[in-house]
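Inside the fold
Each chain, letter by letter, is given below.
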Amino acid sequence: MTVRPRLAVAAFALSLAAPFAGAHEAWLLPSSTVLSAPGYVTLDGAVSNQTFHFNYRPMMIRDNLAITAPDGTAVQPEGLTQGKLRTVFDANLAVAGTYRVALTNASVMASWKEGSETKRWRGTHEALAANVPADAAELSVREGVGRIETFITVGSPTPVTPTGLGLEMVSVTHPNDLYVGEAATFGFVIDGKPVADVKVELMAGGMRYRDQLDKITLHTDARGQVTHTWAEPGMYYLKAVIDDRGGRIANAERRLSYVATLEVLPQ
Amino acid sequence: MKRTLLSAALLTFAPVLVAAELHVDVELPAFNAPDYRRPYVAVWIERPDNSVAANLAVWYDAKMRNNDGIQWLKDMRMWWRRIGRDLQVPIDGVTSATRAPGVHRLSFTAGQAPLGQLPAGEYRLLVEASREHGGREVVSVPLNWPPQAAASATVRGEHELGAITVQLKP
C-alpha cells in the first residue's frame, strides 16, 4: 500500500519531466486536425512508450494547458478527466482558423552533497531558494523548459503566432498543411531567436504494428530550419531538444524540449 | 457610323465569340451496402502546377439540420485543400445535392460561370468522390483548352467513381 503514493508522485514527476525522460514520450493527440466547420474536438494526453498508444501514464494537466484561438484569445478546456492511462479533454473550436493546444512546464533540478550523501530536489524556480542551500557542496542546478503541443484548423490554416518563450517551432510550412510527397520546412527558435544545431526527431505513430522505430533525425541549419519530405501519411511525433545556459539561473545548464503532434495527409 | 463600326467588330470576332462547351459525365457506381450513403463529389479544373482554374461542381448534403452536412466536405481531401477550405458553401451554380448511383451529365459553357474564360493552355479536370462508410477516389482527365475540334476522353475510376467522360466542343 505504501507504494501507491510514491507511484503517484513518480508519475507526476515523470509527466512534468516527460520531455526529458528518454524512454517515454509525452504527447497530445487530437481527434481531428482538420475541420470543415466549427465544432468540438477531443484530445488525449498521455505519457507512453509507444507513440500514440496510451499504455503508461496519463498526462498531468494542472494549470499548464493553453488552448489559443486564431485571434489569440484563450479557450477553456471542457470535461477534463484524468484516467489511469490517459487524460481527456474537449475543446470547442468556434471560429475559423488555426488553434494551438499547448502544455508547458518549467522546472529546476538540483543535486548536492551533504557529507557522503547525494541530495536531489526538483521543483519550481520560486521554491528553489527555500529548498536548496545556496552554499551546498558540489551543487549542480539544471533548468528544464518544455512545451508539448498540437495544432487544429477549422477551414483554412491561419498563421500561428510564436510565444517567444523557450524552444518552439515556427511554421514555414503550416503544421496543418502537411502532405505526402511534399517537403515541409519548420523553424526552431529559442525565446524567438532562430537556433542552429537543434536535434529534431520525427516518428510516425502506430509503433505497435511495425518492428522498427524508423526514427528520422534532423538537425537545424544555420537559419534554424529543418526540411523533410513525407513518405507516409499518419500522425507524427516531433521532438526537438537542445541544451544551453540561457535560462533564468545564471550559469545553470538549461534543457529545452519541444514536442508537436503533426498529421500528414495523403494526396 | 458608330453602330456600323460595332457590327464590323462583332463580325470580325464572331468565330472567337462562339462559346466552347465542356460536358462531363460522372458515373457513380452502385454499392449493395445497408449503410450506403450517397457520396460527396467535387469537380474542378486545375493548371499543370496544381493551381485551380475553375471550381465546377460540388455535391453535398445541404439539407441537414444545423447545416451539419458541411462537416464532411473536408473528406474530399484534395478539393478541400485546393478550394473548399477557402470557400463558404452553398455557392450558386456550383453546389447542389448529392446524387444517386448512375451517370450524371454536367455541362459548362466558356465565358459563363462557373467555367468562365480560361486562357488557352493545358489543364486537367478532376473529379473527387468521398463516401461515408466507403472510400475516397480522385480521377484526373487531361484536357487542352480551348478545344480546336470536338474531342472526348474517358478515364475510369476503380472504387468510388465509374467512367468519367469529358467531351469538348469548340
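Residues numbered from 1 in each chain as written. Chains lettered and ligands numbered in written order. Predicted model: local features only at pLDDT ≥ 70, side-chain atom pairs only at ≥ 80, totals over all residues. Heavy atoms only, no water.

**Regarding the interface of chain A and chain B**
At the junction of the two partners, chain A supplies 14 residues and chain B supplies 12 residues. Summing the contributions of chain A and of chain B, the shared interface buries around 1,100 Å²; its carbon and sulfur component is 48%. On the chain A side of the interface with chain B, the three residues burying the most area are Ser36(A), Ser156(A) and Gln267(A), jointly 42% of the side's total. In this assembly, chain A and chain B are joined by three salt bridges. In this structure, the salt-bridge partner of Glu182(A) is Arg81(B), at a minimum N-O distance of 2.8 Å. At the junction of chain A with chain B, the criterion picks out nine residue pairs in polar contact (both at pLDDT 80 or more). Of the residues contributing to the side of chain A that touches chain B, the split by class is seven nonpolar, five polar and two charged. (Contact = heavy atoms within 4.5 Å. Buried area = accessible area lost by both parts, 1.4 Å probe. Salt bridge = Lys/Arg side-chain N within 4 Å of Asp/Glu carboxyl O. Polar contact = N/O pair within 3.5 Å; in protein donor to acceptor, adjacent residues only side chain to side chain. Nonpolar A, V, L, I, M, F, W, Y, C, P; charged D, E, K, R; others polar.)

**Some points on the domain arrangement of chain A**
The extent of an interface is frequently quoted as the accessible surface area lost upon association of the parts. All names here are of chain A. Considered domain by domain, chain A is made up of domain 1 (3-107 + 141-264) and domain 2 (108-140). One C-alpha centre belongs to domain 1, the other to domain 2; they are set 30 Å apart. Counting from both sides, the interface comprises 10 residues of domain 1 and, opposite them, 10 residues of domain 2. In this assembly, domain 1 packs against domain 2 so that about 930 Å² is buried in total across both faces, 62% of it on carbon and sulfur atoms. Remark: the boundary between domain 1 and domain 2 carries one salt bridge. Here Glu126 makes a salt bridge to Arg248, at a shortest N to O gap of 3.2 Å. Run the count over domain 1 and domain 2 and you get five residue pairs in polar contact (both at pLDDT 80 or more). Looking at the side of domain 1 that touches domain 2, the elements that each hand over two or more residues are β9 (97-114) and β11 (137-154). Of the residues assigned to the side of domain 1 that touches domain 2, the class counts are five nonpolar, two polar and three charged. (Domains from an automatic or database assignment. Helix = DSSP H or I, 4+ residues; strand = E, 2+ residues; numbered from the N terminus.)

**Quick notes on the nonpolar core**
The nonpolar side chains of soluble globular proteins are, as a tendency, buried together. Residues and elements named next belong to chain B. Core analysis: the biggest nonpolar cluster contains 30 residues, and Leu22, Val26, Ile45, Leu125 and Trp145 have the highest contact counts within it. At five residues, strand β3 (residues 52-59) tops the list of elements feeding residues into this core. Not counting chain neighbours up to four residues away, the residues in contact with Val26 comprise Val43, Trp59, Gly102, Val103, His104, Leu106, Val127, Leu161, Ala163 and Ile164. (Core = buried A, V, L, I, M, F, W, Y, C linked by side-chain atoms within 4.5 Å. Buried < 20%, exposed > 50% of the residue type's maximum accessible area, 1.4 Å probe, protein only.)

**So, the pairing of strand β8 (residues 87-93) of chain A**
Residue and element names in this part refer to chain A. Of the two faces of β8, the one lined by Thr87, Phe89, Ala91 and Leu93 is fully buried and the one lined by Val88, Asp90 and Asn92 carries no buried residue. Relative to β8, strand β3 (residues 39-48) runs antiparallel, the two sharing seven bridges. Within β8, the residue paired with Asp44 across the bridge is Val88. Sheet topology places strand β7 (residues 78-82) next to β8; three bridges connect them, and they run antiparallel. When the sheet's bridge partners are listed, Thr81 is paired in β8 with Val88. (Pairing = 2+ DSSP bridges.)

**Structural notes on the sheet that holds strand β4 (residues 95-96) of chain B**
Strands sit in the order β4-β3-β2-β6-β7 (chain B) across an open sheet of five strands; the sheet is mixed. For this open sheet the edge positions go to β4 and β7 (136-145) of chain B, each flanked by a neighbour on one side alone.

**Observations regarding the packing of aromatic side chains**
Across all of its chains, the model carries seven aromatic pairs over all chains by this definition. Between Trp27(A) and Phe52(A), the ring centres sit 5.4 Å apart and the planes meet at 75 degrees, which makes this aromatic pair edge-to-face. With a gap of 25 residues between them, Trp27(A) in strand β1 (residues 25-30) and Phe52(A) in the loop between β3 and β4 (57-58) connect regions that are remote in the sequence. Taken individually, Trp27(A) and Phe52(A) each receive the classification buried, so the pair is uniform in this respect. When the centroid spacing of 6.3 Å and the interplanar angle of 70 degrees are considered together, the rings of Tyr40(B) and Tyr60(B) count as edge-to-face. Taken together, the residues Tyr40(B) in strand β2 (residues 40-46) and Tyr60(B) in the loop between β3 and α2 (77-82) connect sequence positions 20 residues apart. Of the two residues, Tyr40(B) and Tyr60(B), neither departs from the other in class, the shared state being buried. By the ring-pair criterion, three or more aromatic residues cluster together here, those being Trp27(A), Phe52(A) and Phe54(A). Against the face of Tyr56(A) rests Arg57(A), its NZ or CZ located 4.3 Å from the ring centre. Across from the ring centre of Phe31(B), 3.7 Å away, lies the NZ or CZ of Arg131(B), which sits over that ring. (Phe/Tyr/Trp six-rings, centres within 6.5 Å; stacked < 30°, edge-to-face > 60°. Lys NZ or Arg CZ within 6 Å of the ring centre and 35° of its normal.)

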